[in-house]
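Here is how the chains run, residue by residue.
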Amino acid sequence: QRASAMRTWSVVAAAALLAAAGQGAPILRPAECEMAQVQHEFAVAVLSAAGASDHPGAAAWPARMAASLNLSACPGPAPADRIQPAAPDARPPRSQYATEVFASPEGSDATGAGTMANPFATLQRALDAASYGPPPRAVWLRGGDFFAAVGAPFGGRAIATPRNSDTTVATWPADARQAVLWGGGPPEGLVWRPVGRTPGGSDVLAATVEAAAGPHAAALLRAVAAAAAVADAPAPIPQLMVGGRRMVRAQFPNANPETDRFPLGYYSGPLHWQREGPSGASAEVKVTTPARTGTEWGAYSMGRGGALARFEGSGEQCFWSSSPPAKVTVQSPAPGWTPRKWESVTGGVASALHGAMWGGWSFGLAEQAAGSDGLTLGFGRGGFQEARGWASGRGLFVENIQAELDAPGEWFCSLGPGAANATLFLVPWSNSSSDDPRKDAQVVAATLPNVLRVEGSAVGSAAAAPPGDGASWSSSGRELVRNFALVNVTVGATAATYMHAYEGSMSGGDWSVHRGAAVVLDGVQDCRVDLCTFWRSGGNALLLSGRNVRTVVSRTEVGYAGDSAIVIAGRASLVDAGSQPDVPVNTTVDGCFVHDTGVYGKQTAAVASILAIGTTVQRSVAFEGPRQGVVFMDGLGGGHRVQSVSMWRQMLETQDGGVVYQWDRLPILSRSFQGVAVQHREAVVQDSILRCDAGCVWPVDWDDGSNGWTMQNVVSMYGGAKNFQGHSKTVTGSLLVYVNYAAANGFCLISDGAEPGLSGYNETFANNTCISDGQALIQYGACKPSDPLSAPMTHTSGNQYFVGVDPDKAQVCCGRCNAQGTDHWSFSQYQNATGRGAGSSLSGAVPKPAAIAQKARAMLGLPSPA
């Protein structure tokens, strides 16, 4: 397998932007204030149109967006302060249900009857009881905290099966507070005492945890014991919440992962990475039929075994066969590194960014050794949190080391003999009553990674569906859960999953994925998640896994997820996802508000679509994430739509990517509009505003092999359009604003990797407006000045180019834009040499920021400012 050749972005420039992103993102770029106001206006408009004002937290959303966009630093009118109501409240009326069952935090599974006067205590008991009544059914959750019944069946999580079809689980409409489903609960019997002070003068508190004290105390001890062995075996990592705030496992350097982005919180001194380790050669599985013609990526291949043993969730398989490092040496002298060696690294975890900053890794620490060259940390399990592997990492921090308990917000649990008891240490964030467990702050240990699983029967347990297009298939040889809804419910903290089992890339993308989440839907049809809140999930917040037919996720907020917000992930048997399809079809994400994702994982997104057909993301907002906003991992089936979205401040901790991203490296059979085939439907990004920040290069990044996409009526800020080793794409009617302020490759259009008959053909860039205060317009990376039409070239026409230089100095590059200028054309030379650029204009007068903003408003259907 061949790595992408086009890696010409400036590491220095990207690192500078990443540093700025981690320090509060000052207003540095032209037109940023004016366009941030447009971005905010459009975000409010699309959320209003989706009816998101019904969400109980929506009143806070405009201010949260304004803070992220730093509008307080901009002149002009105050931004909108509310999401406008668009339709009557859509929470389910009570009159529509034939069966009603109640559960309450004050109820009882032993003596309850499931009535409003005598409710059950758990969602599971209520689901079981409701399944015996006639449909449609309602399970009403009274407002308050539903702590996990960790000693109950299924380990405390709730399981909905096909018996629970036609069931809505919702907060009781008359309750002011949402029901909150937690992945744990408060450990019993904690008595806090001060045992020391940090170097900064904060109290270090301790409490004894006894397994006999109660089920949550025992669950915390079990989780800590399992997490102590993550160097050898997969395990969730318990999260500790105090007063509703996420605590940090004692780490060096000190940081708050919710707010501190790389390079903050990482040791950046001299590091020496070594790649030797428990790997060996991987076998390569090749499938010669089916194969695609007319593409760089025509044949299917998959690696197995060897270094891929780290991908426990996918049977040691991955498209990429390379490995991550096996150890790192903190080289002497190491300024700022302390201590030189710890008493023990058992249970410790080391984390770093991927060497090319395409994601992040975490490793269980297996050993430490001090030598003349420095401190060497040897890794056990790990490096599976992204799929590509690399010889080195970038930055480093270590966690769960008791000696590093030295800053507010940190905690550590020291197990006693036999794990029957432990000492729990923590340093409160502050001495306020809301943060201090000696006062009013409640301590919750999130020990379960999943609180609700809605699951059809196993594959092969029901007859396969008849042939038909992807939209009409209702089965994959599974009995599905139908018409299940989760409405107006909050999902609280769950255990972190970054050291659990991950699947390698099974469809050719760069990502690995943990097939789990706080809420999982797997084997369902016509189900929905509406008006919900996912808050501080330890891993993915919501997973739509396997067969999901017409699932809708609407008007839902996801904040501070440990990994991705919404993952839509199908399954394939190597090249075959069509014979017995177990993939999501026609999923809709509508009116969602996603922010601050990737607290632990760095290869994450607001929405990730993997082996799925017809994914629509619309009328939604996403910001503050370490990598992509929306990512499509492959070309399976196609039919995707990204429309009416407002996204910014993605790519905050990684490089070489975009807000919306797609690969298409493998032919995979799907049951789509042409039966079982490798062809797919067209896909579109339209009517949206996307802003590049930090390590972002292209707001819409069509990477290796992408084809069949259209970008239409998109306001694309601080980055241009791209094709790499793909074909058959169109960019039209879009506004590309100050493209030279991307992390690198600041062109209106870049096309690279073009080869006759394989890539670069049927590409169109027409009727767009591109603004730059540089001189670079277009780059054709595979072009040869001596024979410019020997490789396919994107057709351009009807475009308006505005540059901040003398128009005669504006450049179109035939090749790599060398410093000697031998591959540079003026715009008129480009037109004459290639026949491209008909009907286009070039001006040296860049429009004023207010005029740019007004054009963007007109494109997006926003009113002019008063």
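The rules behind the values
All residue numbers refer to positions counted from 1 along the written sequence of the respective chain. Only residues with pLDDT of 70 or above have their local features reported here, since the model is predicted, and side-chain atom pairs are shown and tallied only from 80 upward, although totals for entire chains, interfaces and linings are computed over all residues. To get the side-chain values, take all heavy atoms of the structure and skip hydrogens and water. A run of H or I in DSSP becomes a helix once it reaches four residues, and a run of E becomes a strand once it reaches two; helices and strands are each numbered from the N terminus. Just to be clear, the radius of gyration here is over C-alpha atoms, and the globule rule we use is 2.2 Å times residues to the power 0.38. Working definition: with a 1.4 Å probe on protein chains only, accessible area under 20% of the residue-type maximum means buried, over 50% means exposed, and in between means partly exposed. Note on areas: Shrake-Rupley, 1.4 Å probe, and residue coverage restricted to the protein chains presented here. By the counting scheme adopted, Arg and Lys are positive, Glu and Asp are negative, and His together with the chain ends is not counted. We put the charge of a Lys on NZ, of an Arg on CZ, of an Asp on CG and of a Glu on CD. Salt bridges are defined as contacts in which a side-chain nitrogen from Lys or Arg sits within 4 Å of a carboxyl oxygen from Asp or Glu. Our working definition of a disulfide is a cysteine sulfur pair at a distance within 2.5 Å. Definition of a polar contact: a pair of N or O atoms within 3.5 Å, with one able to donate and the other able to accept a hydrogen when the atoms are protein atoms, and with sequence-neighbouring residues admitted only if both atoms are side-chain atoms. When DSSP finds two or more bridges between two strands, those strands count as paired. Axis angles are defined between N-to-C directions and span 0 to 180 degrees, where every axis is a line fitted to C-alpha atoms and, for a helix, only to the segment in contact. In what follows, roughly perpendicular refers to angles from 65 to 115 degrees, roughly parallel to angles under 35, roughly antiparallel to angles over 145, and oblique to any angle outside these ranges. For a crossing to be left-handed, the near helix must be turned anticlockwise from the far one by less than a right angle; the clockwise case is right-handed. Two residues form a contact once any of their heavy atoms are found within 4.5 Å. As a per-residue quantity, pLDDT reports the predictor's confidence and falls between 0 and 100. Joining through side-chain atoms within 4.5 Å is the link that ties buried Ala, Val, Leu, Ile, Met, Phe, Trp, Tyr and Cys residues into a set, and such a set is a nonpolar core. Any pair of Phe, Tyr and Trp rings, taking the six-membered ring for Trp, is counted once the centres come within 6.5 Å. Such a pair is stacked with planes under 30 degrees apart, edge-to-face with planes over 60 apart, and tilted for the rest. Here, a charge over a ring means that NZ of Lys or CZ of Arg falls within 6 Å of the ring centre while also lying within 35 degrees of the ring normal.

Some points on the overall build of the chain
The secondary structure content of the chain amounts to seven helices and 64 strands. Its C-alpha atoms give the chain a radius of gyration of 27 Å, near enough to 29 Å, the size a compact globule of 866 residues would have. Out of the 866 residues in the chain, the part that is buried amounts to 63%. As displayed, the chain offers around 27900 Å² of accessible surface, 53% of which is attributable to carbon and sulfur atoms. Of the side chains in the chain, 61 bear a positive and 68 a negative charge, and the two mean positions are spaced by 2 Å.

Examining the pattern of salt bridges
This model, assessed by the stated rule, comprises 38 salt bridges. Arg 29 serves as the salt-bridge partner of Asp 693, at 2.6 Å between the closest nitrogen and oxygen. Within this pair, whereas Asp 693 is found in the loop between strand E50 (683–691) and strand E51 (696–702), its partner Arg 29 is found in the loop between helix H1 (11–21) and helix H2 (32–49), the two being separated by 664 residues in sequence. Neither residue differs from the other here; Asp 693 and Arg 29 are each classed as buried. Close ionic contact of Arg 261 with Glu 653 constitutes a salt bridge, the shortest N to O distance being 2.8 Å. Pair noted here: Arg 261 is in the loop between strand E13 (251–252) and strand E14 (271–274) and Glu 653 is in the loop between strand E46 (646–648) and strand E47 (657–662), with a separation of 392 residues, a long-range link. Each member of the pair, Arg 261 together with Glu 653, is buried. Within the structure, one salt-bridge network assembled from shared partners comprises Arg 453, Glu 455, Arg 478, Asp 522, Arg 571 and Asp 582.

Remarks on the state of the cysteines
Summed over all chains, the structure comprises four disulfides. The partner cysteine of Cys 748 in its disulfide is Cys 770, sulfur to sulfur 2.0 Å. When the S-S torsion is -90°, as for the bridge of Cys 748 with Cys 770, the disulfide is left-handed. Of this pair, Cys 748 sits in the loop between strand E55 (735–737) and strand E56 (749–752) while Cys 770 sits in strand E58 (residues 769–772), and the two are 22 residues apart along the sequence. Two residues share a disulfide in this structure: Cys 783 and Cys 814, whose sulfurs sit 1.9 Å from each other. Between Cys 783 and Cys 814, the disulfide has an S-S torsion of -80° and is therefore left-handed. With a gap of 31 residues between them, Cys 783 in the loop between strand E59 (776–780) and strand E60 (795–797) and Cys 814 in strand E62 (residues 811–814) connect regions that are remote in the sequence. On the accessibility criterion, Cys 814 (1% relative accessible area) is buried. Free cysteine: Cys 592, not disulfide-bonded; nearest cysteine sulfur from Cys 532 at 9.8 Å.

As for the environment of His 824
By the secondary structure assignment, His 824 is in strand E63 (residues 824–825). His 824 sits in the partly exposed class, given a relative accessible area of 22%. C-alpha separation for the pair His 824 and Lys 809, spaced 15 residues apart in sequence, amounts to 9.9 Å. A polar contact of 3.2 Å, which involves the side chain of His 824, links it to the side chain of Gln 811. A polar contact of 3.5 Å, which involves the side chain of His 824, links it to the side chain of Asp 823.

A word on the sheet that holds strand E15 (residues 283–287)
Ordered by their spatial adjacency, three strands build an open sheet running E15-E16-E17, and the pairing between neighbours is antiparallel. Strand pairing shows two members of the sheet lacking a second neighbour, E15 and strand E17 (317–318), which therefore form its edges. Note: E15 against strand E16 (residues 300–304), five bridges, orientation antiparallel. Within the sheet, the bridge partner assigned to Val 285 lies in E16 and is Met 302.

A word on the environment of Arg 388
Summarising the element assignment, Arg 388 is placed in the loop between strand E21 (374–382) and strand E22 (393–399). Along the backbone, Arg 388 and Gln 650 are 262 residues apart, and their C-alpha atoms lie at a distance of 21 Å.

Looking at unusual backbone geometry
Geometrically, the link from Pro 135 to Pro 136 is a cis peptide bond, its omega value of -10° lying close to zero. Among the secondary structure elements, Pro 136 is positioned in the loop between helix H4 (123–130) and strand E2 (137–141). The omega torsion of the bond from Phe 252 to Pro 253 falls at -5°, within 30 degrees of zero and hence cis. Relative to the assigned elements, Pro 253 resides in the loop between E13 and E14. Phi is positive for Asn 400, which is not a glycine, with a value near 60°. Structurally, Asn 400 can be placed in the loop between E22 and strand E23 (410–415). Given a relative accessible area of 12%, Asn 400 falls into the buried group. Its identity as a non-glycine residue notwithstanding, Asn 767 has a phi of 60°, on the positive side. As for its placement among the helices and strands, Asn 767 is situated in the loop between strand E57 (763–766) and E58.

Things to note about the packing of H2 against helix H7 (residues 849–860)
Put simply, H2 and H7 touch, their axes get as near as 9 Å, and they point 20° apart. Here H7 runs roughly parallel to H2, going by the angle between their axes. Considering how the two elements wind past one another, H2 and H7 form a crossing that is right-handed. In contact with Glu 34, Met 35, Gln 37, Val 38, Glu 41 and Phe 42 of H2, H7 contributes Pro 849, Ala 850, Ile 852, Ala 853, Ala 856, Arg 857 and Leu 860.

Topic: the confidence of the model for the chain
For the chain, the average pLDDT comes to 91, and 92% of its residues sit at 70 or higher. Across residues 1–24, confidence stays below pLDDT 50; counting only partners more than four residues off in sequence or on other chains, it has 69 contacts.

Examining the pairing of strand E8 (residues 193–197)
Here four bridges tie E8 to strand E9 (residues 203–210), and the two strands are oriented antiparallel to one another. From the neighbouring strand, Arg 193 faces E9, where its bridge partner is Ala 206. Hairpin remark: E8 followed by E9, antiparallel, with five residues in the connecting loop; positive phi at Gly 201, about 95°.

A few points about the nonpolar core
If you look at the biggest cluster of nonpolar residues, it comprises 125 residues, and the most contacted ones within it are Met 35 and Leu 141. Ranked by residue count, the leading element in this core is H2, at nine residues. Not counting residues up to four positions away in its chain, the partners in contact with Met 35 are Ile 689, Val 715, Met 717, Val 737, Ile 852, Ala 853 and Ala 856. Grouped together as the second largest cluster of nonpolar side chains are 44 residues, Trp 297, Val 567, Ala 605 and Leu 636 included.

So, the side chain of Asn 164
The topology assignment puts Asn 164 in the loop between strand E4 (158–160) and strand E5 (167–171). For Asn 164, a relative accessible area of 3% corresponds to the buried category. Asn 164 has contacts with Leu 127, Ser 131, Arg 137, Ile 159, Val 481 and Phe 484, leaving out every residue within four places of it along the chain.

A few points about the packing of aromatic side chains
What the rule picks out here adds up to 27 aromatic pairs. Plain terms: the ring middles of Trp 825 and Tyr 830 are 6.2 Å apart, the flat faces sit at 35° to each other, and that makes the pair tilted. Overall, Tyr 830 belongs to the buried group, its relative accessible area being 0%. Positioned above the aromatic ring of Trp 297 is the side chain of Arg 665, whose terminal nitrogen or guanidinium carbon lies 5.8 Å from the ring centre.

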